[in-house]
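# Observations on the three-dimensional arrangement
Each chain, written out:
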Amino acid sequence: GSAPTGWHSREGGIAKFSFNVSWWAFNLINQYTDLNFQVINAEVRAKAAGLEARARSSVKAWEVETEHLDQTAALEELTAKSNAFAEEVVQEWWKFAFHLITKYRGYVVTLNSSANGVLATGQAYPK
């Protein structure tokens, strides 16, 4: 099998935005982190670490699930599971991108919609 469509889509590229190009989800977060690297990157790294841990445990489980299959069938099953996981991660990363935009917009930190839910100094630069 081949990689998920978003990983090789020609609907966009570095010069043309598209929600159908997986790279853009990761690039958007990377670029947005530049607004305040110290504050935003900590959240990005924590999210990435969680996804990486989930990937490692999933691969171990998938290998156990497919160990009884012949090599060709196992490869097909592992490819399907890996591709589904990759697409799930991209969708999760898109949601995360817009979470970060909402939370860190305007150089504040928005925690919730209440009267006290915005920390005006939440992104204050270190002295």
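Counting restarts for each chain: residues are numbered from 1 in the order of the written sequence. For this predicted model, a pLDDT threshold of at least 70 governs which residues receive local features, and a threshold of 80 or more governs which side-chain atom pairs are given and counted, while totals over whole chains, interfaces and linings are taken from all residues. To get the side-chain values, take all heavy atoms of the structure and skip hydrogens and water.

So, on to the environment of S22. Among the structural elements, S22 can be located in helix α1 (residues 22-33). Linking S22 and Y32, residues 10 residues apart in sequence, is a C-alpha distance of 16 Å. Any two residues whose heavy atoms approach within 4.5 Å are treated as being in contact. Other than its neighbours up to four places away in sequence, S22 contacts G6, W7 and V90. Labels follow the DSSP assignment, with helices taken as runs of H or I lasting at least four residues and strands as runs of E lasting at least two, numbered in each case from the N terminus.

Pairing of aromatic rings covers Phe, Tyr and the six-membered ring of Trp, with a centre-to-centre limit of 6.5 Å; geometry is then stacked below 30 degrees between planes, edge-to-face above 60, and tilted otherwise. Taken as a whole and assessed by the stated rule, the structure comprises 11 aromatic pairs. Ring centres 6.2 Å apart and planes at 70° place the aromatic pair W62 and F85 in the edge-to-face group. Of this pair, W62 sits in helix α2 (residues 37-66) while F85 is found in helix α3 (residues 71-104), placing the two residues 23 residues apart along the sequence. The same class applies to W62 and to F85, which are both buried. Linked through ring pairs, F17, F19, W23, W24, W94 and F98 together constitute an aromatic cluster. Each residue's exposure class comes from its accessible area (1.4 Å probe, protein chains only) as a fraction of the maximum for that residue type: buried when under 20%, exposed when over 50%, partly exposed otherwise.

Let us look at the layout of surface pockets. Residues are said to line a cavity or pocket when one of their atoms sits within 4 Å of a point; the points come from a 1 Å grid over protein atoms alone, cavities being sets where a 1.4 Å probe fits but cannot get out and pockets being open sets with protein on both sides within 12 Å along at least five of seven lines. Grid points are joined across faces, edges and corners, and a volume is the space filled by probe spheres set on the points. Reported here for the largest pocket is a volume of approximately 150 Å³. Lining the largest pocket are F26, I29, N30, T33, D34, F37, N41, V44, R45, A48 and W93. Elements that contribute at least two residues to the lining of the largest pocket include exactly α1 and α2. The leading source of residues in the lining of the largest pocket is α2, at five residues. Looking at the lining of the largest pocket residue by residue, the classes come out as six nonpolar, three polar and two charged. Each residue gets one of three labels, nonpolar for Ala, Val, Leu, Ile, Met, Phe, Trp, Tyr, Cys and Pro, charged for Asp, Glu, Lys and Arg, and polar for the others, Gly among them.

On to α3. To estimate the expected span of a helix, subtract one from its residue number and multiply by 1.5 Å. When the terminal C-alpha atoms of α3 are compared, their 48 Å separation across 34 residues agrees well with the 50 Å that a helix rising 1.5 Å per residue should span. Every buried residue of α3 is accounted for by A74, F85, A86, V89, V90, W93, W94, F96, A97, L100, K103 and Y104. In this structure, the buried side of α3 is in contact with α1, α2 and β1 (109-110). A distance of 3.0 Å separates the backbone nitrogen of T72 from a side-chain oxygen at the start of α3, and that oxygen is part of D70. Just past α3, the residue G106 takes up positive phi, approximately 65°. Here a polar contact is recorded for every N or O atom pair within 3.5 Å, except that within protein the pair must consist of a potential hydrogen donor and a potential acceptor, and residues adjacent in sequence are included only if both atoms are side-chain atoms.

We now examine the packing of α2 against α3. Where α2 contacts α3, the two axes come as close as 11 Å, and the packing angle between them is 165°. With respect to α3, the axis of α2 lies roughly antiparallel. The two elements α2 and α3 cross, and the hand of that crossing is right-handed. Broken down by class, the residue content of the contact of α2 with α3 amounts to 15 nonpolar, four polar and 10 charged. Simply put, an axis is a line fit to the C-alpha atoms, just over the touching stretch for a helix, and the angle between two N-to-C directions goes from 0 to 180 degrees. Small angles under 35 degrees read as roughly parallel and large ones over 145 as roughly antiparallel, with 65 to 115 read as roughly perpendicular and the rest as oblique. Here a crossing is taken to be left-handed if its near helix is turned anticlockwise relative to the far helix by less than a right angle, and right-handed if that turn runs clockwise.

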